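Below are the chains, spelled out letter by letter.
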Amino acid sequence: MATAEEIKAMTFTSCTFRADGQAEVRLDRMVDGVMRPFRYCLAPGDALTGLHREVAAACTAKWTPAVVSAYKAARDAAAARMR
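Let us look at the structure shown here. In this text the structure is predicted, and so the values were computed from the model without any measurement.

**So, the pattern of salt bridges**
For step 1, the next point in the chain: If you walk through the whole model with that rule in mind, you get three salt bridges.
For step 2, the next point in the chain: Its salt-bridge partner being Glu 24, residue Arg 18 comes within 2.5 Å of it at the nearest N-O pair.
For step 3, the next point in the chain: Classification of Arg 18 by relative accessible area gives partly exposed; the value is 34%.
For step 4, the next point in the chain: Salt-bridge contacts for Arg 53 lead to Glu 54; the nearest nitrogen and oxygen are separated by 3.4 Å.
For step 5, the next point in the chain: Classification of Arg 53 by relative accessible area gives exposed; the value is 65%.

In structure tokens, the structure reads:
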């Protein structure tokens, strides 16, 4: 994961949400004079401090308490099936 300073220097591209609420984030950053894509995923309930402001705003709007609870319940059920 990039540092907060690196994230501030990146250009926001998009933030889309999977059916289970996970956020797929796309940013561009300059590396050796060339714009390179930087991608990562966030799960509902993940901390949003230090993230690009558009990402934090989109996740705050999308991740209602019901979405976070449903994601955690599905994750826990999947983990229980794996045991």
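**Remarks on the sheet that holds strand S1 (residues 11-17)**
For step 1, the next point in the chain: Spatially, the three strands line up as an open sheet ordered S1-S2-S3, and their pairing is antiparallel. At either margin of the open sheet sits one strand with a lone partner, and together these are S1 and strand S3 (34-42). Geometrically, the sheet is characterised by an average inter-axis angle of 20° between neighbouring strands, direction not taken into account.
For step 2, the next point in the chain: Of the strand pairs in this sheet, strand S2 (residues 23-31) and S3 are connected by nine bridges, and their pairing is antiparallel. In the sheet register, Arg 29 faces S3, and the bridge partner there is Arg 36.

**Some remarks on unusual backbone geometry**
For step 1, the next point in the chain: The phi dihedral of Asp 32 is positive, around 50°, even though this residue is not glycine.
For step 2, the next point in the chain: Relative to the helices and strands, Asp 32 is located in the loop between S2 and S3.

**What about the environment of Ala 56?**
For step 1, the next point in the chain: As for its position among the elements, Ala 56 is in helix H2 (residues 53-62).
For step 2, the next point in the chain: C-alpha separation for the pair Ala 56 and Cys 15, spaced 41 residues apart in sequence, amounts to 9.7 Å.

**Some points on the packing of aromatic side chains**
For step 1, the next point in the chain: For the coordinates displayed, the defined rule picks out one aromatic pair.
For step 2, the next point in the chain: With a centroid separation of 5.6 Å and an interplanar angle of 55°, the aromatic rings of Phe 38 and Tyr 40 are classed as tilted. Neither residue differs from the other here; Phe 38 and Tyr 40 are each classed as buried.

**Focus: the nonpolar core**
For step 1, the next point in the chain: Residues Ala 23, Val 25, Tyr 40, Leu 42 and Val 55 are the most contacted members of the largest nonpolar core, which totals 13 residues.
For step 2, the next point in the chain: In this structure Leu 42 touches Gln 22, Ala 23, Val 25, Leu 48, Leu 51, Val 55, Cys 59 and Trp 63, once residues within four positions along its chain are discounted.

**Comments concerning the environment of Thr 16**
For step 1, the next point in the chain: As for its placement among the helices and strands, Thr 16 is situated in strand S1.
For step 2, the next point in the chain: In sequence terms Thr 16 and Arg 39 are 23 residues apart; their C-alpha atoms lie 11 Å from each other.
For step 3, the next point in the chain: Not counting residues within four places of it along the chain, the set of residues in contact with Thr 16 comprises Gln 22, Ala 23 and Glu 24.

Cut-offs and rules
Residues numbered from 1 in each chain as written. Predicted model: local features only at pLDDT ≥ 70, side-chain atom pairs only at ≥ 80, totals over all residues. Heavy atoms only, no water. Salt bridge = Lys/Arg side-chain N within 4 Å of Asp/Glu carboxyl O. Buried < 20%, exposed > 50% of the residue type's maximum accessible area, 1.4 Å probe, protein only. Pairing = 2+ DSSP bridges. Helix = DSSP H or I, 4+ residues; strand = E, 2+ residues; numbered from the N terminus. Axes fitted to C-alpha atoms, helices over the stretch in contact; angles between N-to-C directions. Phe/Tyr/Trp six-rings, centres within 6.5 Å; stacked < 30°, edge-to-face > 60°. Core = buried A, V, L, I, M, F, W, Y, C linked by side-chain atoms within 4.5 Å. Contact = heavy atoms within 4.5 Å.

Everything listed here is a matter of geometry and, on its own, says nothing about what the molecule does.
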